[in-house]
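# Per-entry structural report
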Amino acid sequence: MAQIFPEWTNKLPPFIALGAIIIVIGVIGFVWYYFSPWYTDVGYRPVQPVPFSHKLHNDDLGIDCRFCHNLVEVSPHANVPPTQTCMNCHKLIKPDSEKLAKIGESWEMKKPMQWIRIHKLPDFAYFDHSVHLRAGVGCASCHGNINQLEVVRQNTPLSMSWCLDCHRNPDMHLRPVSEITNMYWTPPDNQMELAKIIRGDKDINPKTDCSACHR
Amino acid sequence: MANGTENIAEYSNPGQVTGDKLSFKSLTDKISGITERKTPPVWFVAFGAAFSLLLVLLGSIGYLVWEGVGIWGLNNPVGWGWAIINFVWWVGIGHAGTLISAILFLLRQRWRTSINRFAEAMTLFAIMCALIFPGIHVGRIWVAYWMAPIPNQMSMWPNFRSPLLWDVFAVSTYFTASLLFWFTGLIPDLATFRDRAKKKLKKLVFGILSLGWRGGNRQWRHYELAYLILAGISTPLVLSVHSVVSTDFAVSILPGWHTTIFPPYFVAGAIFSGFAMVVTLTIIARKIYSLEHIITIDHLEKMNKIMLLTGMMVGYAYSIEFFIAWYSGNIYEQFVFLNRAFGNYAWAYWIMISCNVLVPQIFWVKRWRRAVPVMFVASILINVGMWFERFVIVVTSLSRDFLPANWDYYKPTFWDISTFVGSFGLFFTLFLLFIRFLPMISMTEVKAVLPQADPHSRTSGGLDE
């Protein structure tokens, strides 16, 4: 009887097996990274209606974060300042600047500015800024070196595993409350001892059960 | 065969096939011919019906995905309804295949050869039907992959302390092992099909599937050893899978579920319903394809005996549950069982008792054990009863839990029923494709038990074994 398959097909099975293993691992790895916020969200940097520079205001001029985001220590939500906050200064400083035209318009028309939101959490995840600040997590721990940026970008994935990484092992991210808005603070050599004191003083035991965030 | 020579035939013809009419060639022609002939019209009719039901299943699942599990009749105390009942029922049906192929193989029960291919295929299709239900009952089907331990950006990992996760592993392991066993057994038969094929495409497909089988001495030795090893691997699975399924219930603290008897009781029930399904399907197939000389009345009788045995094991479990409820002195346990027999769902309980305990008793009578119409009706009633067993377990315990303020009556909706009925569509579609394109009886193994295969058989003057 004639052969159905040519001889080289004898060598195929190991390649098929190897290929299958590579494909399965490849697909899992691909989804793991490319479907996660590490890939989809980090680096999101939309063009805002007014080119507000955190570098200028915070780093060069030394205005504290809480001058504008004034409710961050007492509220779950870190408020974006209203036009009135801008006008506190800009009534007198560069009132005619072209870049500020939209702020002026908003002020005249009594209509809020339409800033584009960057840091979004899903509705089913509960997050409270004030709790984290009181525990001693600095702005920079999540938002990065925002004081160096002309245009704000998302610095961290805000994914569930990212939250859990810190909740399971928060010691490297705790600092004295007086330093929370200090963008140049770095953990001292005795950070572990410092963290132990902070955690002891405030009884900080970050929750990792489902209902901590999914309430 | 129903005369005095039967005992001799038992020894000289371990495969129980009526050997006089069969030679190696006529057997090959008979079984291969079924798939090589022009498709009979009755097959198209059956396939059309099965495929329509499959579309009903797909429609029901589609609406479920769109709308959510609210379309089912679930209510506040009864959070597990038909989906779990159907899952357990289908998995149970899947148990006969591996029992026949693995345990009966290791026990040298050579009469299994005529029915094992059939029963194994049925097992695979039943497990597919079963796996649909836990897959779709999660509500958000697009995250069903959370059941598998796959790394992800949420740091989500399955809870290994949950029996529901054990279920995922138990049933998927069972499916994989059954598939490998079935396929390994098929290889020599697939090679026969390849050699008989006339068309190029058929040659290629069966050529790939038969993995280069030439029937050499060395290949046969490897094959036999692989089959033996797979039988050894599959044997504990027959007992473990339904034991794990029973822990879904037994690990909880609900009266009526929290019972140590559950694992063996579920395994017996699974084999019971599995054999009933094999009998139902076998009777139809042997009639349509005139296989009465290969799947003989002796085979059917042996399966009926197993149903009688497992039916009584199930009946024993029902009674011991009542005994323990009384003996425990636990008022909740006692209430649950009295409520089962005399409460809101007493109708379901008595359907279960009649079908599962009373119906198999007819198999004490040899004449009925060998009467095809009797066993056909009985096998269907047994599967009805086994469905109601799971209904009674799931629904009565949940609908009457610890707090009377929670109590509610559970009723299925249209979508519960259409999903269940549709799952038969999937089952029969796959089954009809199987009997159309693959050898539904293991030619290799039946040949090995033909009298001609044994040099010491009656025809050459000696007795086997």
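Residues numbered from 1 in each chain as written. Chains lettered and ligands numbered in written order. Predicted model: local features only at pLDDT ≥ 70, side-chain atom pairs only at ≥ 80, totals over all residues.

## A closer look at the overall build of chain A
If you tally the helices and strands in chain A, you get eleven helices and zero strands. Reading the secondary structure of chain A in the N-to-C direction produces α-α-α-α-α-α-α-α-α-α-α. In terms of overall dimensions, chain A is more spread out than a globule: its C-alpha atoms have a radius of gyration of 25 Å, far above the 17 Å expected for 215 residues. Along the three orthogonal principal directions, the C-alpha set of chain A runs to about 100 × 50 × 35 Å. Long-range pairs, those at least 24 residues apart, make up 73% of the contacts in chain A with a sequence separation of at least 6. (Helix = DSSP H or I, 4+ residues; strand = E, 2+ residues; numbered from the N terminus. Rg over C-alpha atoms; globule rule 2.2 N^0.38 Å. Contact = placed C-beta atoms within 7 Å.)

## Section: the overall build of chain B
Of regular secondary structure, chain B possesses 17 helices and zero strands. With the principal axes as the frame, chain B shows a C-alpha extent of 75 × 55 × 40 Å. When each of the 465 residues of chain B is scored for burial, the buried share is 42%. Within chain B, contacts between residues at least 6 apart in sequence are counted, and of these 82% link residues at least 24 apart. (Buried ≥ 20, exposed ≤ 12 C-beta atoms within 10 Å, placed from the backbone.)

## Side note on the environment of Ser60(B)
All names here are of chain B. By secondary structure assignment, the location of Ser60 is in helix H3 (residues 41-67). Considered as a pair, Ser60 and Met440 are 380 residues apart in the sequence and their alpha carbons are 31 Å apart. Once residues lying within four places of it in the same chain are set aside, the contact partners of Ser60 are Trp415, Ser418, Thr419 and Gly422.

## Re the packing of helix H5 (residues 95-106) of chain B against helix H6 (residues 116-136) of chain B
Residues and elements named next belong to chain B. At a closest axis distance of 7 Å, the pairing of H5 and H6 adopts a crossing angle of 145 degrees. Between H5 and H6 the crossing geometry is left-handed. In contact with Ala96, Gly97, Thr98, Ile100 and Ser101 of H5, H6 contributes Asn116, Ala119, Glu120, Met122 and Thr123. Here the residues of the contact of H5 with H6 are counted per class, giving four nonpolar, five polar and one charged. (Axes fitted to C-alpha atoms, helices over the stretch in contact; angles between N-to-C directions. Left-handed = near helix turned anticlockwise from the far one by under 90°. Nonpolar A, V, L, I, M, F, W, Y, C, P; charged D, E, K, R; others polar.)

## Quick word on the packing of helix H7 (residues 163-196) of chain B against helix H8 (residues 200-209) of chain B
All names here are of chain B. Contact geometry for H7 and H8: axes closest at 8 Å, N-to-C directions at 160 degrees. For the element pair H7 / H8, the angle class is roughly antiparallel. The crossing of H7 and H8 is left-handed. Facing Leu190, Phe193 and Arg194 of H7, the residues of H8 in contact are Lys203, Phe206, Gly207 and Leu209. Within the contact of H7 with H8, the residues separate by chemical class into four nonpolar, one polar and two charged. (Parallel < 35°, antiparallel > 145°, perpendicular 65-115°, else oblique.)

## A few points about the interface of chain A and chain B
Contacts between the two partners involve twelve residues from chain A and, on the opposite side, ten residues from chain B. Elements with a contribution of two residues or more to the side of chain A that touches chain B: helix H1 (12-34), helix H2 (37-40) and helix H9 (160-168) of chain A. The greatest single-element share of the side of chain A that touches chain B, amounting to three residues, is contributed by H9(A).

## Details of H1(A)
Over its 23 residues, H1(A) runs 31 Å from end to end, which matches the ideal 33 Å to within 8%, given 1.5 Å per residue. Burial within H1(A) is sparse, with just zero of its 23 residues counted as buried. (Expected span 1.5 Å × (residues − 1).)

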